[in-house]
Amino acid sequence: QVQLVESGGGLVQPGGSLRLSCAASGIVFSFYDMGWFRQAPGKQRELVANIIPHTNTNYADSNYADSVKGRFTISRDNAKNTVYLQMNSLKPEDTAVYYCNADGRRGLGNFGRNYWGQGTQVTVSS
């Protein structure tokens, strides 16, 4: 029932841009912390960015890995149940499979669960 479907990955040259999208279904989206992780071959999965909504004020906290700070921007549209990752000034070291994550533990407590998308490949190369 719960699905996180990523899109927007592909091949891009260094310095280029991509925007990833993750459409969620089967959850009350506004109560979930949303994040993007990435994993390169032979390496562990790492957090790229996450965003925590404050549903009573429409304010959202965003956090970024140091390696992408200033280049990537995470955003969410609660009306569309979608989280985005705008990636600018891409570098070859950004090459990885990018995974969408939905974490309901903070917002829902004992009812909260953690979900993952299937991943989308991002390749930065000349």
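For the structure itself, look to the data block above.
The structure displayed is predicted, hence computed values, not measured ones.

Undergrad: A description of unusual backbone geometry should follow, citing residues and the corresponding values.
TA: Phi at Asn 81 is positive, roughly 55 degrees, even though this residue is not glycine. Note that Asn 81 resides in the loop between β7 (72-77) and β8 (82-87). Here the phi dihedral of Ser 89 falls at roughly 50 degrees; this positive angle occurs in a residue that is not glycine. Here Ser 89 is to be found in the loop between β8 and β9 (96-103). When its relative accessible area of 43% is taken as the criterion, Ser 89 is described as partly exposed.

Undergrad: Account for the side chain of Glu 6, naming residues and giving values.
TA: Relative to the assigned elements, Glu 6 resides in strand β1 (residues 3-7). Although buried, Glu 6 forms no salt bridge, and the nearest oppositely charged side chain, Arg 45, lies 7.7 Å from it. A polar atom in the side chain of Glu 6 sits 3.1 Å from the backbone nitrogen of Gln 118. When near neighbours in sequence (up to four residues on either side) are disregarded, Glu 6 contacts Ser 21, Cys 22, Trp 36, Tyr 98, Tyr 99, Cys 100, Gly 117, Gln 118, Gly 119 and Thr 120.

Undergrad: Pulling in residues and values, what's your account of the pattern of salt bridges?
TA: Note that side chains of opposite charge can pair when their charged atoms are close. Considering all chains together, one arrives at 5 salt bridges under this definition. Salt-bridge contacts for Asp 94 lead to Arg 38; the nearest nitrogen and oxygen are separated by 2.9 Å. Placement of the pair is Asp 94 in the loop between β8 and β9 and Arg 38 in strand β4 (residues 33-39), with a sequence separation of 56 residues.

Undergrad: Residue-level account of the nonpolar core, with values.
TA: The tendency in soluble globular proteins is for nonpolar side chains to be buried side by side. Counting residues in each nonpolar core, the largest one holds 30 residues, and the members touching the most others are Trp 36, Val 83, Leu 85, Met 87 and Tyr 98. Secondary structure elements with two or more residues in this core: β3 (18-25), β4, β5 (46-54), β7, β8, β9 and β11 (120-124). Apart from residues no more than four positions distant in its own chain, Leu 85 is found in contact with Leu 18, Arg 19, Leu 20, Trp 36, Val 48, Ala 49, Phe 72, Thr 73, Ile 74 and Tyr 98.

Undergrad: Can you explain the state of the cysteines? Please cite residues and give values.
TA: In total, this model carries 1 disulfide according to the counting rule given. Here Cys 22 connects covalently by a disulfide to Cys 100, the sulfurs 2.1 Å from one another. An S-S torsion of about -80 degrees defines the bridge between Cys 22 and Cys 100 as left-handed. Here the residue Cys 22 occupies a position in strand β3, and Cys 100 occupies one in strand β9, the gap between them amounting to 78 residues. Pair check on accessibility: Cys 22 and Cys 100 agree, each one buried.

Undergrad: How would you sum up the sheet that holds β8? Please name residues and give values.
TA: The 4 strands lie next to each other as β1-β3-β8-β7, forming an open sheet whose pairing is antiparallel. Since the sheet does not close on itself, it has two edges, and those belong to β1 and β7, each with one partner. Along the sheet, successive strands turn relative to each other by an average axial angle of 15 degrees, direction set aside. Sheet analysis places β1 next to β3, joined by 5 bridges and oriented antiparallel. What sits directly across from Val 5, in β3, is Ala 23.

About the cut-offs
Residues numbered from 1 in each chain as written. Predicted model: local features only at pLDDT ≥ 70, side-chain atom pairs only at ≥ 80, totals over all residues. Heavy atoms only, no water. Helix = DSSP H or I, 4+ residues; strand = E, 2+ residues; numbered from the N terminus. Buried < 20%, exposed > 50% of the residue type's maximum accessible area, 1.4 Å probe, protein only. Lys, Arg positive; Asp, Glu negative; His and termini not counted. Salt bridge = Lys/Arg side-chain N within 4 Å of Asp/Glu carboxyl O. Polar contact = N/O pair within 3.5 Å; in protein donor to acceptor, adjacent residues only side chain to side chain. Contact = heavy atoms within 4.5 Å. Core = buried A, V, L, I, M, F, W, Y, C linked by side-chain atoms within 4.5 Å. Disulfide = S-S within 2.5 Å. Pairing = 2+ DSSP bridges. Axes fitted to C-alpha atoms, helices over the stretch in contact; angles between N-to-C directions.

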